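What follows is each chain in one-letter form.
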Amino acid sequence: MKYKAIIFDLDGTLLDTLTDLAEGTNYALRVNGFPERTMDEIRRFVGNGARKLIERAVPEGQVETALEKVRQSFDIYYKVHCKDHTGPYPGIMEMLKELAQKGYALGVVSNKPDFAVQELIPGYFPGLFDSVSGEREGVAKKPAPDLIWEAMKNLQVNSSEAIYVGDSEVDLEAAANAGIPCISVAWGFKGRKFLEEQQAEMIIETPAEIFHYL
């Protein structure tokens with residue numbers, strides 16, 4: 001095999017989480033007296049973690065304490081409701097099972113809060129991933145390479161043996177910073193046109209197409 005390990009982004013790549021992220025964000029905005037955001041706005045805001053999502057959603061000019069209150073409200077809501085409308089994209093389960101059967105080591109690196117990642121992965125993909133990491137204190141999130149390097153260490157591979165799969169410019173940059181190639185998925189939050197504008201070199205339209213690059 002050309003690669004030994006495949007490391008995946010989560011939101012917009014494996015799971016369609018947009019509705020739950022939007023509902024959590026709008027709940028947090030609403031209870032703190034701020035106007036709600038549209039689904040298209042939330043789609044543009046995601047990718048850099050929950051903190052950045054809230055910063056982008058809250059009207060400009062708010063003080064740090066206001067941002068923190070909205071973030072706390074989001075966390076409280078999302079811990080309970082992160083599975084309300086979330087599910088794997090079509091073909092994801094079949095792809096992951098085939099990859100596992102072929103002997104690839106599988107990992108997840110996400111900018112989603114680690115508490116949510118640790119709940120969602122076992123719930124939707126039990127037994128399929130050997131390394132699972134979300135955003136947490138003390139570790140730089142994507143596009144910094146730290147979480148990807150951590151996953152590579154857990155999966156016992158070097159940079160010539162791993163490839164990353166994601167749906168956004170953050171994923172492209174993170175993979176480049178980690179020194180590994182990136183497969184971009186067109187079914188995620190950003191879409192093919194955006195990915196082409198970001199000079200993505202490998203874009204797939206369906207999960208089964210991943211095997212063309214492995």
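Up top you'll find the structure we're talking about.
For clarity, every value in this text was computed on a predicted model and none was experimentally measured.

Asks: It is not clear to me how the overall build of the protein should be interpreted in this structure. Could you clarify?
Replies: If you tally the helices and strands in the protein, you get nine helices and eight strands. Looking at the protein as a whole, 55% of its 214 residues are labelled buried. Counted over contacts in the protein with a minimum sequence separation of 6, partners at least 24 positions apart contribute 65%. When the accessible surface of the protein is summed, it comes to about 9,600 Å², and 48% of that surface belongs to carbon and sulfur atoms. Each charge sign in the protein was given a centre, from 23 positive and 33 negative side chains, and these centres are 2 Å apart.

Asks: What's the story with the packing of aromatic side chains in this structure? I'm lost.
Replies: What describes a pair of aromatic rings is the distance from one ring centre to the other and the angle between the planes of the rings. Following the criterion strictly, the structure yields six aromatic pairs and no others. Where phenylalanine 74 meets tyrosine 78, the ring centres are 5.3 Å apart and the plane angle is 10°; that geometry is what we call stacked. Of this pair, phenylalanine 74 and tyrosine 78 both sit in helix α4 (residues 64–81), four residues apart, which is roughly one turn of the helix. Look at phenylalanine 74 and you get buried, because its relative accessible area is 1%. Ring-pair connections join several aromatic residues into one group, and the members of that group are Phe8, Tyr124, Phe125 and Phe129. Above the face of the phenylalanine 115 ring, lysine 79 is positioned so that its terminal group lies 5.0 Å from the ring centre.

Asks: Explain the nonpolar core here, please?
Replies: Across soluble globular proteins, you tend to see nonpolar side chains buried next to one another. Core analysis: the biggest nonpolar cluster contains 52 residues, and Ile6, Phe8, Leu14, Leu96, Phe125 and Phe129 have the highest contact counts within it. The next biggest cluster of nonpolar side chains, apart from the first, holds 22 residues, and it includes Ala5, Ile7, Ile180 and Ala200.

Asks: I would appreciate a short explanation of the layout of surface pockets in the present structure.
Replies: Here the idea is plain: a probe the size of a water molecule rolls over the atoms and shows the empty space left. The computed volume of the largest pocket comes to approximately 160 Å³. Every residue lining the largest pocket is listed: Arg71, Pro113, Asp114, Phe115, Glu135, Arg136 and Glu137. Grouping the amino acids of the lining of the largest pocket by side-chain chemistry returns two nonpolar, no polar and five charged.

Asks: What is the right way to read the environment of glutamate 119 from this model?
Replies: Take glutamate 119: it is sitting in helix α6 (residues 114–124). On the basis of relative accessible area, glutamate 119 is assigned to the partly exposed category, the value being 34%. Other than its neighbours up to four places away in sequence, glutamate 119 contacts Lys79, Cys82 and Lys83.

Asks: Explain α4 to me, please; I cannot follow it from the model alone.
Replies: Spacing of three or four residues puts side chains on the same side of an α-helix, whose turn is 3.6 residues. With 18 residues, α4 should cover 26 Å at 1.5 Å per step; its first-to-last C-alpha distance of 25 Å lies within 8% of that length. Where α4 is concerned, the buried positions are Ala66, Leu67, Val70, Arg71, Ser73, Phe74, Asp75, Tyr77 and Tyr78. Considering only its buried residues, α4 is in contact with α1 (18–31), α3 (50–57), β4 (105–113) and α6.

Cut-offs applied
- Residues numbered from 1 in each chain as written.
- Predicted model: local features only at pLDDT ≥ 70, side-chain atom pairs only at ≥ 80, totals over all residues.
- Heavy atoms only, no water.
- Helix = DSSP H or I, 4+ residues; strand = E, 2+ residues; numbered from the N terminus.
- Buried < 20%, exposed > 50% of the residue type's maximum accessible area, 1.4 Å probe, protein only.
- Contact = heavy atoms within 4.5 Å.
- Areas by Shrake-Rupley, 256 points an atom, 1.4 Å probe, with all protein chains shown as cover.
- Lys, Arg positive; Asp, Glu negative; His and termini not counted.
- Charge placed at Lys NZ, Arg CZ, Asp CG, Glu CD.
- Phe/Tyr/Trp six-rings, centres within 6.5 Å; stacked < 30°, edge-to-face > 60°.
- Lys NZ or Arg CZ within 6 Å of the ring centre and 35° of its normal.
- Core = buried A, V, L, I, M, F, W, Y, C linked by side-chain atoms within 4.5 Å.
- 1 Å grid on protein atoms, 1.4 Å probe; cavity = no way out; pocket = protein on both sides within 12 Å on 5 of 7 lines; lining within 4 Å.
- Points joined across faces, edges and corners; volume = space filled by probe spheres on them.
- Nonpolar A, V, L, I, M, F, W, Y, C, P; charged D, E, K, R; others polar.
- Expected span 1.5 Å × (residues − 1).

Scope: geometric values only; no functional claims are made or implied.
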